[in-house]
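# Analysis of the macromolecular model
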Amino acid sequence: MTQSTRKPAKKNSAAARKKSGPAVASLHLLSDAEMHRIAEKIFKLSDAHETEVEIGMVSDALTRFANNTIHQNVAEQVLTVSVRTVLDGRTARATTNKTDEESLRRVVAASKALARSQPRNPNLLPMPGPQKYTKVSRYFENTAHATPADRARAVARVADMAEKNKQTAAGIFTTGVTQSAIANTNGLFASHRQTRAEFSITILESDSSGWAKANAPDLSRMDPVALAKSASEKSAASRKPGEAAPGKWTVILEPAAVLDLVGFLFYDFAGTAVADQRSCFNKRMGKHVMGENITLHDDVYHPLQSGLPFDGEGIPRQRVLLVDKGVPSNLVYSRATAKKMKAKPTGHGFSLPNDYGEAPMNLVFSGGNSSVDEMVRSTERGVLVTRLWYIREVDPYEKVLTGMTRDGTFLVQNGRVAGGVRNFRFNQSILEMLSNVELLGPAVRAAGEESFEMVVPPMKVRDFHFSEVTKF
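Thresholds, definitions, all that
Residues numbered from 1 in each chain as written. Predicted model: local features only at pLDDT ≥ 70, side-chain atom pairs only at ≥ 80, totals over all residues. Heavy atoms only, no water. Helix = DSSP H or I, 4+ residues; strand = E, 2+ residues; numbered from the N terminus. Buried < 20%, exposed > 50% of the residue type's maximum accessible area, 1.4 Å probe, protein only. Contact = heavy atoms within 4.5 Å. Polar contact = N/O pair within 3.5 Å; in protein donor to acceptor, adjacent residues only side chain to side chain. Salt bridge = Lys/Arg side-chain N within 4 Å of Asp/Glu carboxyl O. Expected span 1.5 Å × (residues − 1). Arc of directions from axis to C-beta. pLDDT = per-residue confidence, 0-100. Core = buried A, V, L, I, M, F, W, Y, C linked by side-chain atoms within 4.5 Å.

## Observations regarding the side chain of Thr 174
For Thr 174, the position within the fold is in strand β4 (residues 168–184). Overall, the relative accessible area of 10% leaves Thr 174 in the buried class. If sequence neighbours within four positions are ignored, Thr 174 has contacts with Asp 60, Ala 61, Leu 62, Arg 151, Arg 196, Ala 197 and Glu 198.

What follows is the structure, given as structure tokens:
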């Protein structure tokens, strides 16, 4: 937990408004026709046996604030064109950020030169042909065209609230657009456009802090003031933290805390990880290793998810049941891994060449009906955890993680929150944790700091192992 003893600066909400920064340059998005033209230029310049083109455009704008004042407003638009060539079973990739003919000529030549220097790959498959994709709508004009003034107005309201409560606010507000396309000389073309808004805030006091974070493709679904209010209440409620003994505790994990723990499982569901004996599910597939109340899918089409409906080779993503009532049931596969393991590709491969194969990137946990308040009321003695940080893997096969609580850790006694406690370090097997889940809340889109976003529920877990108490 980051602590601050500085008093909130005066009149900073006005400063936040004045320092909102210049308007971002006008947004230029690429049409499918423009991306087709770039790809076709490259194909004409390449005499490789096969050629693949990936086109990516990112337009991001960020407003950063601290001490209740905006102190940074930045924006960038970046275009990348990545070319992969195949020559006699050898493949390599080169990238440029220019689209003039000479730059495209050079990037093709660089890719071919790199490919010639590679060893032959006997498992390299021909590039796929045209595919059919399920449409997903994740582009919102209000997010794409949000201005620094839009973000500054929200920050000003947050700063006003923090000053009124004699607290200090710090965080970020980001909006942006991402475009992706993949094309190859076998006739494949796929494109995707999506927007993203994210707000993260930490509210500081002299001996406590609170935190909240959310992101969504649609800016209108974000409520920075509500997030700031939650962080403010956590900071106030955890003043003058007491100290509780380490040991095995009943814990109530809010969604951000759940996210940053279970996110460490994502690569264990990769066919490559199992084939290489690097997964915690080796020798555990088809066996009960979690509680019967744990069901997990990878589902890019879930309404709370984001991302592309195709993988790094242009293969359509499939919805995959990974854990069925506590039983690891299925893996995800790239085309090459599927052929090696005599399975069907699931559309989860990474761009080639790579050493990782594939992974599920859109994890969705099934939830329950218990709210966090109900979990608290049902707990005689336990700990309520807002978020975790500095998480590291101790034992990859038993999935033991260590890390610390942060920004809102509370003692629960006799069915109510009794006050803040100093943070804990934990050492906990995630497989064991998911076997000890007593209650689940509704699954929500959660954002943390240690893992990518996914859909997870809050959880009440018994016998969670806190190994020591921190000094703050």
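## Considerations on the side chain of Glu 198
Note on placement: Glu 198 falls in strand β5 (residues 189–204). A relative accessible area of 7% places Glu 198 in the buried class. At a separation of 2.5 Å, a polar atom in the side chain of Glu 198 contacts the side chain of Arg 196. Beyond its immediate sequence surroundings of up to four residues, Glu 198 is in contact with Ile 172, Phe 173, Thr 174, Lys 213, Ala 214, Asn 215, Met 222 and Glu 453.

## Focus: the pattern of salt bridges
Following the criterion strictly, the structure yields 28 salt bridges and no others. In this structure, the salt-bridge partner of Lys 112 is Asp 47, at a minimum N-O distance of 2.4 Å. Within this pair, whereas Lys 112 is found in helix α3 (residues 101–116), its partner Asp 47 is found in the loop between α2 (32–45) and β1 (50–66), the two being separated by 65 residues in sequence. Classification of Lys 112 as buried rests on a relative accessible area of 12%. With its nearest N and O atoms 3.7 Å apart, the salt bridge here joins Asp 88 to Arg 90.

## Things to note about unusual backbone geometry
Cis geometry marks the peptide bond from Leu 352 to Pro 353, where omega comes out at -5°. Mapping Pro 353 onto the fold places it in the loop between α9 (335–340) and β11 (363–365). One non-glycine residue with positive phi stands out, namely Lys 342, at about 55°. Looking at the secondary structure, you find Lys 342 in the loop between α9 and β11.

## A few points about α2
Here α2 is 14 residues long and its end C-alpha atoms lie 20 Å apart, about the 20 Å a rise of 1.5 Å per residue gives. Every buried residue of α2 is listed here: Met 35, Ile 38, Ala 39, Ile 42 and Phe 43. Projected onto a plane normal to the axis of α2, the buried residues spread over an arc of 140° and lie on a single side. Across α2 from its buried face, at more than 90 degrees, point the exposed residues Arg 37 and Lys 44. Elements that come into contact with the buried residues of α2 comprise β1, β2 (69–87), α3, β4 and β5.

## Details of the confidence of the model for the chain
Predicted coordinates in areas of low pLDDT are best not read in detail. Here the chain averages 94 in pLDDT, and 94% of its residues register 70 or above. pLDDT under 50 marks residues 1–24. Its contacts with residues more than four places away, or in other chains, come to 59 contacts.

## Observations regarding helix α6 (residues 224–237)
Residues lying three or four places apart along an α-helix face the same way, a consequence of the helix completing one turn every 3.6 residues. Compared with the 20 Å implied by 1.5 Å per residue over 14 residues, the 20 Å span of α6 between its first and last C-alpha is a close match. Every buried residue belonging to α6 is among Pro 224, Leu 227, Ala 228, Ala 231, Ser 232, Lys 234 and Ser 235, and all of these are buried. Taken down its axis, α6 places every buried residue within 165° of arc, on the same side.

## Remarks on the environment of Gln 305
As for its placement among the helices and strands, Gln 305 is situated in the loop between β8 (296–298) and β9 (320–324). Residue classification places Gln 305 among the buried residues on the basis of a relative accessible area of 2%. The spatial distance from the C-alpha of Gln 305 to the C-alpha of Asn 215 is 11 Å, given a sequence separation of 90 residues. Residues within four places of Gln 305 in sequence aside, it is in contact with Arg 138, Asp 299, Val 300, Asn 362, Leu 363, Val 364, Arg 445, Glu 453, Met 454 and Val 455.

## Looking at the nonpolar core
With 45 residues, the main nonpolar core has Leu 253, Leu 261, Val 262, Met 433, Leu 434, Met 459 and Phe 466 as its most contacted residues. If one sorts the elements of this core by residue count, helix α7 (residues 255–262) sits on top with 5 residues. Apart from residues lying up to four places away in sequence, Met 433 is in contact with Leu 253, Leu 261, Val 262, Gln 428, Met 459, Val 461 and Phe 464. Of all hydrophobic cores here, the second largest spans 22 residues; its members include Ala 152, Ala 162, Phe 173 and Met 222.

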